[in-house]
Amino acid sequence: MQMRRLGSSGPMVSRLGLGLLTWGTQTPVDEARDQLTVFLEAGGTLVDTAFAYGGGASEETLGSLLRSGFARDDLVIATKAGLAYDDREVRRTDTSREYLLSCLDRSLNRLGVDHVDLWQVHVWSELTPVEETLSALDEAVRSGRVRSVGVSNWSSWRSAQAATHQTLTAGAPLVSTQLEYSLLNRSIESEALPAAQALGMGVLPWSPLCRGILTGKYRSGVPAGSRAAGSGVLADAVGNYRDEQSVAIVDAVISVAEEVDWSPLEVALAWVRDRPGVTAPIVGARTARQLEAALAVESCELPARFVARLDEQSTRRR
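Residues numbered from 1 in each chain as written. Predicted model: local features only at pLDDT ≥ 70, side-chain atom pairs only at ≥ 80, totals over all residues. Heavy atoms only, no water.

(A) Quick look at the overall build of the protein chain. Broken down by element type, the protein chain carries 11 helices and 12 strands. The C-alpha radius of gyration computed for the protein chain amounts to 19 Å, which stays within 12% of the reference 20 Å derived for 318 residues, consistent with globular compactness. Along the first, second and third principal axes, the C-alpha set of the protein chain runs to 50 × 40 × 40 Å. Out of the 318 residues in the protein chain, the part that is buried amounts to 57%. Taking contacts inside the protein chain between residues at least 6 apart in sequence as the whole, the part at least 24 apart equals 77%. Put simply, the protein chain shows about 13,700 Å² of open surface, and 49% of that area lies on carbon and sulfur atoms. Where the 32 positive side-chain charges of the protein chain centre and where its 39 negative ones centre are 1 Å apart. (Helix = DSSP H or I, 4+ residues; strand = E, 2+ residues; numbered from the N terminus. Rg over C-alpha atoms; globule rule 2.2 N^0.38 Å. Buried < 20%, exposed > 50% of the residue type's maximum accessible area, 1.4 Å probe, protein only. Contact = heavy atoms within 4.5 Å. Areas by Shrake-Rupley, 256 points an atom, 1.4 Å probe, with all protein chains shown as cover. Lys, Arg positive; Asp, Glu negative; His and termini not counted. Charge placed at Lys NZ, Arg CZ, Asp CG, Glu CD.)

Here's what the structure looks like:
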């Protein structure tokens, strides 16, 4: 797998990242082991987890795999802090210095490592001055517990404010920003993406397949018994992309896939991966076989005329 520099001063990472959102919950350890094996064999390095994922189960699962024989040096480990859920699944955000650093220590303990390669502030919080939040990033780097830092789900102006503060104070540079980005959600192109490029921050898109919608799996409706059926976050997301323009975009992806003899997944993922400013889309999978299908995109380079066709069809959905 080809490697890319994360931002102007971050680590070299594989141009596709493995998301560990469901590890330890929907993805048991044996399946996680198979996924990590497939990912490493394909040349992947970047794995993305968070303090909040599965109430800690995601980091713990990765830690158990590292202790079982996977080499720490083969991975670029990214985790996040600032978001958590209590016993009643109530969302809590806290980007105070004390809380962030306590989360980092717990993350390192779960992972069984002495440092992570990328540590990101998971969310923005109005309750904490940005200077205090950034001081936690500086301390994490100074102490050796973190190699590089970034942000996740921050607006463009907040990212610019933070990056400028770090430059003026000689703090730890922000090397990444993690944002939702796909053919069905191109909102970051107006400000966040060009801002990241100007600030030397690499973009790590999450949900590059828009919850699987761009694979065409929901083209004929939501199958009964699927995770998108009934109520919940996924069901709401799928429902939000059933409008006429969204359906036309999915149809365009499928049409291009038929012409180039790829899967719709490969078309949609290649489009995101090769957008200016993007370092590595983060993909998740339920099974190792699904992950193999996503990793097959490494050999796919979408011809310019098809990129232009998809751009034209999806521009109105920004």
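(B) Spotlight on the packing of aromatic side chains. Overall, the coordinates contain 2 aromatic pairs when judged by the stated rule. Between Trp124 and Trp154, the aromatic rings sit 4.8 Å apart at their centres with planes inclined by 90°, giving edge-to-face as the arrangement. Of this pair, Trp124 sits in the loop between β8 (116-121) and α4 (130-142) while Trp154 sits in the loop between β9 (146-152) and α5 (156-168); the two residues are 30 residues apart in sequence, bridging distant segments of the chain. One exposure class covers both Trp124 and Trp154, and it is buried. The cationic tip of Arg110 hangs over the ring face of Phe51; the distance from NZ or CZ to the ring centre is 4.3 Å. (Phe/Tyr/Trp six-rings, centres within 6.5 Å; stacked < 30°, edge-to-face > 60°. Lys NZ or Arg CZ within 6 Å of the ring centre and 35° of its normal.)

(C) Focus on α4. Taking 1.5 Å of rise per residue, 13 residues should cover 18 Å, and α4 covers 18 Å from first to last C-alpha, within 8% of that figure. What α4 keeps buried is the set Val130, Thr133, Leu134, Ser135, Ala136, Leu137, Asp138 and Ala140. Those residues of α4 that are buried lie in contact with α3 (97-111), β8, β9, α5 and β10 (174-180). One or two residues past the end of α4 sits Gly144, with phi positive at roughly 85°. (Expected span 1.5 Å × (residues − 1).)

(D) Structural view of unusual backbone geometry. We note that Ser207 has phi near 55°; this positive angle belongs to a residue other than glycine. Inspection of the secondary structure assignment puts Ser207 in the loop between β11 (202-206) and α7 (233-240). Given a relative accessible area of 15%, Ser207 falls into the buried group.

(E) Region of interest: the side chain of His115. Residue position: His115 is located in the loop between α3 and β8. A polar atom in the side chain of His115 sits 2.7 Å from the side chain of Asp114. Excluding its chain neighbours within four sequence positions, the residues that come into contact with His115 are Arg72, Leu108, Gly144, Arg145, Val146 and Arg147. (Polar contact = N/O pair within 3.5 Å; in protein donor to acceptor, adjacent residues only side chain to side chain.)

(F) Up close: the packing of helix α8 (residues 244-260) against helix α9 (residues 264-273). α9 packs onto α8 with a crossing angle of 105° between their chain directions and a minimal axis gap of 8 Å. By the angle between their directions, the pair α8 and α9 is classed as roughly perpendicular. Contacts between α8 and α9 involve Val253, Ile254, Val256, Ala257 and Val260 from the former and Pro264, Val267 and Ala268 from the latter. Of the residues that constitute the contact of α8 with α9, the class distribution is 8 nonpolar, no polar and no charged. (Axes fitted to C-alpha atoms, helices over the stretch in contact; angles between N-to-C directions. Parallel < 35°, antiparallel > 145°, perpendicular 65-115°, else oblique. Nonpolar A, V, L, I, M, F, W, Y, C, P; charged D, E, K, R; others polar.)

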